[in-house]
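# Breakdown of the fold
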Amino acid sequence: MSSPIPSLPTPRSERLAGSPAVRHDGRWWLVSGAGSVFVTDPVFTGELDRFATALAAADQAVADLLNQQHEPPASHPGMRR
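Structure report, in brief. Fair warning: this is a prediction, and the values are worked out from it, not measured in the lab. (Residues numbered from 1 in each chain as written. Predicted model: local features only at pLDDT ≥ 70, side-chain atom pairs only at ≥ 80, totals over all residues. Heavy atoms only, no water.)

Turning our attention to the sheet that holds strand β3 (residues 27–32). The strand order across the open sheet built from four strands is β1-β2-β3-β4, with neighbouring strands paired in antiparallel fashion. Edge positions in the open sheet fall to β1 (13–15) and β4 (35–38), since each of these has one partner strand only. Mean inter-strand twist for the sheet, computed between neighbouring axes without regard to direction, equals 30°. Of the pairings in the sheet, the one linking β3 to β4 comprises four bridges and is antiparallel in character. By the bridge assignment, L30 is partnered in β4 with V37. (Pairing = 2+ DSSP bridges. Helix = DSSP H or I, 4+ residues; strand = E, 2+ residues; numbered from the N terminus. Axes fitted to C-alpha atoms, helices over the stretch in contact; angles between N-to-C directions.)

The following block contains the structure:
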């Protein structure tokens with residue numbers, strides 16, 4: 001008898017940039033249509049953590065740039081309108 005494959009609820013799961021890597025409750029899983037595998041290798045999970053952190057920082061930088069584009073230009077001393 002095989003053990004059941006854990007289901008990963010969406011609200012507490014985060015897929016990493018369209019990859020099969022999903023972080024669920026702080027743990028990494030590789031997910032496909034055939035099932036899920038819990039990732040136990042600390043080197044691999046460390047790399048996934050670093051990539052997720054870098055991706056989040058990049059997303060934040062893009063959001064900040066987009067917000068700056070929508071702000072009115074700051075007035076500069078000495079410039080007339």
